[in-house]
Amino acid sequence: MSKVKERVTMVGQKITNKLPDKLKRNRKKEPPARITNDTVSEHREKILADGRKFKYPFQYTKHKIIVNTIIVVIITIISFGGWLWYMLYQKQATSDFFYSAAKILSLPVANVDGQSVSYADYLRRVRSAIFYKENHEKVNFDTQNDQQELNYLKREELNKAERMAYATKIAKSKDITVSNKEVDTEIDANLKTSSGETMTRSDFENYVLKRFYGWTMSDYRTELQNQLLERKVAFAVDTAARNKIAEVETRLKAGDDFGTVAREMSDDEITREIGGGVSAQVGDTDPNGLIVVARGLNSGVVSGIIQGVDGYYIVKLNSKTDDSTKYLMIKVTLKRFNDDFNELRRAGKIKEYIKIPKFDDAEK
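Let me sum up the structure you'll find in this document. (Residues numbered from 1 in each chain as written. Predicted model: local features only at pLDDT ≥ 70, side-chain atom pairs only at ≥ 80, totals over all residues. Heavy atoms only, no water.)

The next point concerns the pairing of strand β5 (residues 311–320). The sheet contact formed by strand β4 (residues 306–307) and β5 spans two bridges and is antiparallel. Counterpart to isoleucine 306 in the pairing with β5 is tyrosine 313. Connecting the antiparallel pair β4 and β5 is a turn made up of three residues. Relative to strand β6 (residues 324–333), β5 runs antiparallel, the two sharing nine bridges. Bridged to isoleucine 314 within β6 is isoleucine 330. Where β5 hands over to β6, the hairpin turn is made up of three residues, counted between the paired strands. (Pairing = 2+ DSSP bridges. Helix = DSSP H or I, 4+ residues; strand = E, 2+ residues; numbered from the N terminus.)

Next up, the structure:
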């Protein structure tokens, strides 16, 4: 019996050796152990370990995507900046897109004694000049002669933008500002037509600003604010003009003949030789308000000092009718701001970032 049992065992062992490895392992598996806190912890750690095999490659891919995205953004910004620089500073593009870009990015077109000159201020003015020439004088700037005229326009408007920057620098040092109320007052004055009627702001924008200048009301407000600021600065720095008009007023109050004082002290070359005589008709332009002041006087009465657009004035009424006003005028021109600005240019303290021929160069 023992021999038979031994024989069966040997046969079973041979059969087992011929089984596949997988079946051998299953055959040798032990029954699962009892579940405890330790076995749960081990099982959780095994699952987490298997998950990390997929987590780390994904983290690496995510990091690579972020790095690549940053590189693409940087390259795009640099490319756009290079293209924008080329179009503005080399090609001197003036389209709406580049005007908006110059405003948003506060780009400079020049530098005046340390003060940046706004490219947007320059473009606003030169675009307006080009708009008027092309739409109302039918100028084609593609021809050689008209290209020369374009150079004159650009030079003139760049000079004005540079003057504005210089005025801004002085205004900061002297705490000179222009309020919205002052701008609104100036706009309201400009809304009055020669016939005495007043346009609405909407009509003024549509039929004057957009039609002749290609401006919006916002552009016009900015331009007016700049002009008012430069005017305030010019009056503030010119003590010589202030002293001169004060001397004129003193002489007139002392009884000196108005015509004699005008010939000796007036800066207006047209009226100086004839003793300051002016004859104005209804509808004549009056940017300095001299006609209004004169008509408010009695015949033979001398006004006080009038602060005009470009200097100081004193007037004396001779006579007036419904259609005309005859008066005498003495003008003292503001010179200090212009002289100081021109001295900066001679001293090489104005640096320009675009190439525009000087007037002498443009003529050659």
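Looking now at the packing of aromatic side chains. By the definition in use, this model includes 11 aromatic pairs. When the centroid spacing of 6.0 Å and the interplanar angle of 45° are considered together, the rings of tryptophan 83 and phenylalanine 97 count as tilted. Of the two residues, tryptophan 83 sits in helix α3 (residues 37–90) while phenylalanine 97 sits in helix α4 (residues 96–105), which places them 14 residues apart along the sequence. Exposure remark for phenylalanine 97: the relative accessible area of 43% places this residue in the partly exposed category. Plain terms: the ring middles of tyrosine 89 and tyrosine 119 are 5.4 Å apart, the flat faces sit at 80° to each other, and that makes the pair edge-to-face. On the criterion of sequence distance, the pair formed by tyrosine 89 in helix α3 and tyrosine 119 in helix α5 (residues 119–136) is long-range, its members being 30 residues apart. No difference in accessibility class separates tyrosine 89 from tyrosine 119, as the two residues are buried. Grouping aromatic residues by their ring pairs yields a cluster made of Phe80, Trp83, Phe97 and Phe98. (Phe/Tyr/Trp six-rings, centres within 6.5 Å; stacked < 30°, edge-to-face > 60°. Buried < 20%, exposed > 50% of the residue type's maximum accessible area, 1.4 Å probe, protein only.)

What follows covers the side chain of serine 128. The topology assignment puts serine 128 in helix α5. Overall, the relative accessible area of 6% leaves serine 128 in the buried class. Excluding its chain neighbours within four sequence positions, the residues that come into contact with serine 128 are Tyr213 and Trp215. (Contact = heavy atoms within 4.5 Å.)

Another point: the pattern of salt bridges. Tallying each qualifying case throughout the model produces 25 salt bridges. For the salt bridge of aspartate 113 with lysine 169, the shortest nitrogen-to-oxygen distance reads 2.8 Å. Here the residue aspartate 113 occupies a position in the loop between β1 (108–112) and β2 (115–118), and lysine 169 occupies one in helix α6 (residues 144–174), the gap between them amounting to 56 residues. Under the relative-accessibility criterion, lysine 169 is labelled partly exposed at 30%. Here glutamate 223 ties to arginine 124 by a salt bridge, and the two come within 3.1 Å at their closest N and O atoms. Here glutamate 223 is found in helix α9 (residues 217–237), whereas its partner arginine 124 is found in helix α5, with 99 residues between them in sequence. The same class applies to glutamate 223 as to arginine 124, namely buried. Salt bridges sharing common partners tie together Asp121, Arg124, Arg125, Glu157 and Glu223. (Salt bridge = Lys/Arg side-chain N within 4 Å of Asp/Glu carboxyl O.)

Our focus in this paragraph is unusual backbone geometry. Here glutamine 92, not a glycine, exhibits a phi torsion of approximately 55°, which is positive. Along the chain, the position of glutamine 92 falls in the loop between α3 and α4. For glutamine 92, a relative accessible area of 13% puts it in the buried group. Within the chain, aspartate 113 stands out as a residue other than glycine whose phi angle is a positive 50°.

Assignment of secondary structure puts asparagine 206 in helix α8 (residues 201–213). Given a relative accessible area of 36%, asparagine 206 falls into the partly exposed group.

Our focus in this paragraph is the sheet that holds β1. The strand order across the open sheet built from three strands is β2-β1-β7, with neighbouring strands paired in antiparallel fashion. Edge positions in the sheet fall to β2 and β7 (350–352), since each has one partner strand and no second. Shown here is a sheet whose adjacent strand axes are inclined to one another by a mean of 25°, direction ignored. When β1 meets β2, the two strands line up antiparallel, connected through four bridges. Within the sheet, the bridge partner assigned to alanine 110 lies in β2 and is valine 117. Strands in contact with α6 are β1, β2 and β7; relative to β2, the strand with the most contacts, it is inclined by about 140°. (Axes fitted to C-alpha atoms, helices over the stretch in contact; angles between N-to-C directions.)

Listed in full, the buried residues belonging to helix α11 (residues 258–265) are Phe258, Gly259, Val261, Ala262 and Met265. Summarising the axial view, the buried residues of α11 lie within an arc of 160°, below the 170-degree limit, and thus occupy one face. One side-chain oxygen at the N-terminal end of α11 lies 3.2 Å from the backbone nitrogen of glycine 259; it belongs to aspartate 257. (Arc of directions from axis to C-beta. Polar contact = N/O pair within 3.5 Å; in protein donor to acceptor, adjacent residues only side chain to side chain.)

Spatial ordering of the open sheet is given by β3-β6-β5-β4, a layout of four strands whose pairing is antiparallel. Only two strands of the sheet have a single neighbouring strand rather than two, namely β3 (277–281) and β4. The strands touched by α11 within the sheet are β5 and β6, with β6 carrying the most contacts at an inclination of about 40°.

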